[in-house]
Amino acid sequence: MKDFFAAVKDRRTYYGISKASPVSDDRIKEIVHFAVKHVPSAFNSQSGRAVLLLGKSSDEFWSMVKESLRKIVPADKFAPTEEKINGFGSGYGTVLFFEDSRPVKNLQEQFPSYAAHFPVWSDHSSGMLQYIVWAGLESEGFGASLQHYAPVVEDDVRKKWDIPAEWSLIAQMPFGVPVAGPGEKEFLPLEDRVWIRE
């Protein structure tokens, strides 16, 4: 297992993943449980939710995405889309990230002067949750990527896995043992991005 900063540095977008796993399913569950439990949230609202799909369930999800896209992508242009979705479906599992609107609405009612900010802060917390899971998977030898197919598949996901109506699908993270490296990453100069005043 990598230390925190090594996992942050090595966490990259991996599109080439396999159905192999370097750790037990219980360890994957621990990573997701840890992230959901400890992620920061505004006013400790704890609005983040996750559904971990392993094996057949992950395969079913990506088949669902593919068939949903098939309905809206022209047939003569569908091949690249199908190839991309098949790549996500070639992984070991997928984490679905949701935000529960109930804690957010409760806070809006309790603190009306901040009402417009709570959905934004909810998004911030969701991003941190996604990152913690991503770095956690990286630390155990997985490659992953973050995808956003909620608009085309959310209703089907809700029906398939009995997801509460108050949960909004935010992002999807397919993961597996990498079979191809990530692309090169360029960095902007840090002096343009971090200012220090003493």
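Anything mentioned here points back to the structure above.
Presented here is an overview of the structure given in this document.

Calculation notes
- Residues numbered from 1 in each chain as written.
- Predicted model: local features only at pLDDT ≥ 70, side-chain atom pairs only at ≥ 80, totals over all residues.
- Heavy atoms only, no water.
- 1 Å grid on protein atoms, 1.4 Å probe; cavity = no way out; pocket = protein on both sides within 12 Å on 5 of 7 lines; lining within 4 Å.
- Points joined across faces, edges and corners; volume = space filled by probe spheres on them.
- Helix = DSSP H or I, 4+ residues; strand = E, 2+ residues; numbered from the N terminus.
- Nonpolar A, V, L, I, M, F, W, Y, C, P; charged D, E, K, R; others polar.
- Buried < 20%, exposed > 50% of the residue type's maximum accessible area, 1.4 Å probe, protein only.
- Arc of directions from axis to C-beta.
- Contact = heavy atoms within 4.5 Å.
- Expected span 1.5 Å × (residues − 1).
- Core = buried A, V, L, I, M, F, W, Y, C linked by side-chain atoms within 4.5 Å.

Structural notes on empty space enclosed by the protein
Inference 1: Counting across every chain of the model gives 1 cavity of 30 Å³ or more.
Inference 2: Approximately 40 Å³ is the volume attributed to the largest cavity.
Inference 3: Going through the elements one at a time, helix H5 (101–110) and helix H6 (118–139) are the ones with two or more residues in the lining of the largest cavity.
Inference 4: Sorting elements by how many residues they give to the lining of the largest cavity places H6 first, with 4 residues.

Concerning the layout of surface pockets
Inference 1: Within this model, the second largest pocket holds a volume of roughly 170 Å³.
Inference 2: Lining the second largest pocket, in full, are Val 8, Lys 9, Asp 10, Arg 11, Arg 12, Lys 185 and Phe 187.
Inference 3: Of the residues contributing to the lining of the second largest pocket, the split by class is 2 nonpolar, no polar and 5 charged.

So, H5
Inference 1: Residues of H5 that are buried include every one of Pro 103, Val 104 and Leu 107, and no others. When H5 is viewed along its axis, its buried side chains cluster within an angular range of 100 degrees and face the same direction.
Inference 2: The inward-facing, buried residues of H5 abut strand S1 (48–54), strand S2 (93–100) and H6.

Remarks on the environment of His 33
Inference 1: Relative to the assigned elements, His 33 resides in helix H2 (residues 25–38).
Inference 2: Distance from His 33 to Phe 118, taken between C-alpha atoms, is 24 Å for residues 85 residues apart in sequence.

As for H2
Along an α-helix, residues three or four positions apart point the same way, because every turn accommodates 3.6 residues.
Inference 1: The terminal C-alpha atoms of H2 lie 20 Å apart, and with 14 residues this matches the ideal 20 Å at 1.5 Å per residue to within 8%.
Inference 2: Taken residue by residue, H2 has Ile 28, Ile 31, Val 32 and Ala 35 as its buried positions. The arc that holds every buried residue of H2, seen down its axis, measures 90 degrees, which confines them to one face. Seen from the open side of H2, the exposed residues pointing more than 90 degrees away from its buried face are Asp 26, His 33, Phe 34 and Lys 37.
Inference 3: Buried residues along H2 sit in contact with S1, S2, H6 and strand S4 (167–176).

Overview of the nonpolar core
Inference 1: With 19 residues, the main nonpolar core has Phe 61, Val 65, Leu 96, Phe 98 and Val 157 as its most contacted residues.
Inference 2: Elements with a contribution of two residues or more to this core: S1, helix H3 (56–70), helix H4 (78–89), S2, helix H7 (150–160) and S4.
Inference 3: Take this core: its biggest share by element is 5 residues, from H3.
Inference 4: With near-sequence residues (within four places) excluded, Leu 96 lies in contact with Arg 49, Ala 50, Val 51, Leu 53, Phe 61, Val 157, Leu 169, Ala 171 and Gln 172.
Inference 5: Residues Val 23, Ile 31, Leu 137 and Phe 175 belong to the second largest nonpolar core, which totals 18 residues.

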